[in-house]
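Listed below, chain by chain, are the residues.
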Amino acid sequence: MATDHQNPASKQQQPGTSAFKLVIYEQENFQGRCHELTGPCNNLQEAGVEKVGSILVLCGPWVGYEQANCKGEQYVFEKGEYPRWDSWTNSRRSDTITAFRPIKVDSQEHKIVLYENPSFAGKKIEIIDDDVPSFHAHGYQEKVSSVRVQSGTWVGYQYPGYRGFQYLFEKGEYKDNTEFGAQIPQIQSVRRIRDMQWHQRGAFHPVS
C-alpha cells in the first residue's frame, strides 16, 4: 500500500526482522509527491502514484515491473538512490514502473545452474558464490533456456557487464525462458542479490 506520509507502524518492527521500505517520487531527483511502500503493490496507479520519477530504497531489495500485476520488464533495486529511470535500467525500452514487490533474501550461500536448452538439457554453466560479468569469459557461449536456482537470489542480464533486460531468479526451477520472463533465451551475465542482513558491504552500485 502506498502512503503519502511516514508509517509509524513500520517503526514497531521487531529488531532483527527484515523490513522493506522504499519511497517513490513522482519527479526525477527525488522531487514532487512521494509515496512510501512497505509491501507489495500490484498497481501503483490504483494506489495513487501517477508516475515513478525517482526511487529511494531504504530497506531492500525490491523488484519493480513495467506492467501491473508484476508483468513485463523487470527492474531489481537494492538499498540506495535511483534519481532517474536510466539509473535502474539500461535497456532503454521503457521508463514505466507499475508494480513493486519485496525480494526475500534468506540465504548466505548462492548456487545457480543455467542450461542451454529447455527442461535443464544441453550444455550448462554452474556458478557458486560468485558474480559473473561475462559468460563468454568463462567459456560459455550458448543460449540460456532453463535455470535451476539451488540457493540464494540472483539477477541475470541479457548482455555482458550486467546490461540489457534483467531477470530475477529466486530459489526454484525455471523450465524455459518464458518462466523467467525472457522473450528470447539469452543471458550473458549474472550476479547475486545481496541483502544487508547477510552482507553488510555487499550492496551493488550500478555504474552509469
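Residue positions within a chain follow its written sequence, with the count starting from 1. Local features are withheld for residues below a pLDDT of 70 in this predicted model, meaning they are given only at 70 or higher, and side-chain atom pairs are given and counted only at 80 or more; totals for whole chains, interfaces and linings count all residues. Neither water nor hydrogens contribute to the side-chain values; these are computed over all heavy atoms in the structure.

**Brief notes about the sheet that holds strand 8 (residues 111-117)**
Strands belonging to one sheet form pairs held by backbone hydrogen bonds; the direction of such a pair is parallel or antiparallel.
Right, so step 1: The pairing criterion is simple: DSSP has to find at least two bridges between the two strands. Secondary structure elements are defined from DSSP: runs of H or I of at least 4 residues count as helices, runs of E of at least 2 residues count as strands, and each element is numbered from the N terminus. In spatial order, the strands read 9-8-10-13; together these 4 strands make up an open sheet with antiparallel pairing. Each edge of the open sheet is held by one strand with a lone partner, namely strand 9 (121-128) and strand 13 (172-174). Going from strand to strand, the sheet's axes swing by 15 degrees on average, the running direction of each strand aside.
Right, so step 2: As defined by bridge partners, strand 10 (residues 146-151) adjoins strand 13 across 3 bridges and the pair is classed as antiparallel. By the bridge assignment for strand 13, R148 is matched with E173. Axis lines are fitted to C-alpha atoms, over the contacting stretch for helices. Their N-to-C directions set the angle, which ranges from 0 to 180 degrees.

**Let's talk about the sheet that holds strand 3 (residues 54-59)**
Right, so step 1: Taken together, the 4 strands give an open sheet; going across it, the order is 2-1-3-6, and neighbouring strands pair in antiparallel fashion. Strand pairing shows two members of the sheet lacking a second neighbour, strand 2 (31-37) and strand 6 (80-82), which therefore form its edges. Ignoring strand direction, the axes of neighbouring strands in this sheet form an average angle of 15 degrees.

**Quick notes on the confidence of the model for the protein**
When pLDDT is low, close inspection of the predicted coordinates is not appropriate.
Right, so step 1: Confidence per residue, as judged by the predictor, is encoded in pLDDT with a range of 0 to 100. Here the protein averages 87 in pLDDT, and 85% of its residues register 70 or above.
Right, so step 2: Taken together, the stretch residues 1-18 has pLDDT below 50 and engages in 25 contacts with residues farther than four places along the chain or on a different chain.
Right, so step 3: Residues are treated as being in contact if the distance between any of their heavy atoms lies within 4.5 Å. In this model residues 197-205 is a low-confidence stretch, pLDDT under 50, and it forms 14 contacts with partners more than four residues away in sequence or in other chains.

**A word on the pattern of salt bridges**
Right, so step 1: A side-chain nitrogen of Lys or Arg and a carboxyl oxygen of Asp or Glu constitute a salt bridge if their distance falls within 4 Å. Enumeration over the complete set of coordinates arrives at 10 salt bridges.
Right, so step 2: A salt bridge links R192 to D131; the nearest nitrogen and oxygen atoms lie 2.8 Å apart. Of this pair, R192 sits in strand 14 (residues 189-192) while D131 sits in the loop between strand 9 and strand 10, placing them 61 residues apart in sequence.
Right, so step 3: Whether a residue is buried, partly exposed or exposed follows from its accessible area with a 1.4 Å probe, protein chains only, as a fraction of its type maximum: under 20%, in between, or over 50%, in that order. With a relative accessible area of 13%, R192 lands in the buried category.
Right, so step 4: In this structure, R148 and E173 form a salt bridge, with 2.7 Å as the shortest nitrogen-oxygen distance. Note that R148 is positioned in strand 10 and E173 in strand 13, a separation of 25 residues in sequence.

**What to know about the UniProt feature "domain: Beta/gamma crystallin 'Greek key'" (unreviewed entry) in the protein**
Right, so step 1: In the numbering adopted here, UniProt assigns the feature "domain: Beta/gamma crystallin 'Greek key'" (unreviewed entry) to residues 20-59, 60-104, 110-151 and 152-194.
Right, so step 2: Taken end to end, residues 20-59 comprises 0% helix and 50% strand; its first and last C-alpha atoms sit 5 Å apart. UniProt positions are given in the numbering used here, feature names are shortened, and annotations may be inferred rather than shown by experiment.

**Some words on the packing of aromatic side chains**
Right, so step 1: Any two of the Phe, Tyr and Trp rings considered here, Trp counted by its six-membered ring, make a pair once their centres fall within 6.5 Å; the pair's planes then place it as stacked at under 30 degrees, edge-to-face at over 60, or tilted in between. Inspection of every chain in the model, using the stated rule, returns 13 aromatic pairs.
Right, so step 2: Judged by centre distance (4.9 Å) and plane angle (75 degrees), the rings of F77 and Y82 are edge-to-face.
Right, so step 3: On the basis of relative accessible area, F77 is assigned to the buried category, the value being 0%.
Right, so step 4: Note on Y115 and F120: the rings are 5.5 Å apart at their centroids and 70 degrees apart in plane angle, and the pair reads as edge-to-face.
Right, so step 5: For Y115, a relative accessible area of 8% gives the class buried.
Right, so step 6: Sitting over the face of the ring of F120, R148 holds its NZ or CZ atom 4.0 Å from the ring centroid. Sitting over a ring, as applied to charges here, requires NZ of Lys or CZ of Arg to be within 6 Å of the ring centre and within 35 degrees of the ring normal.

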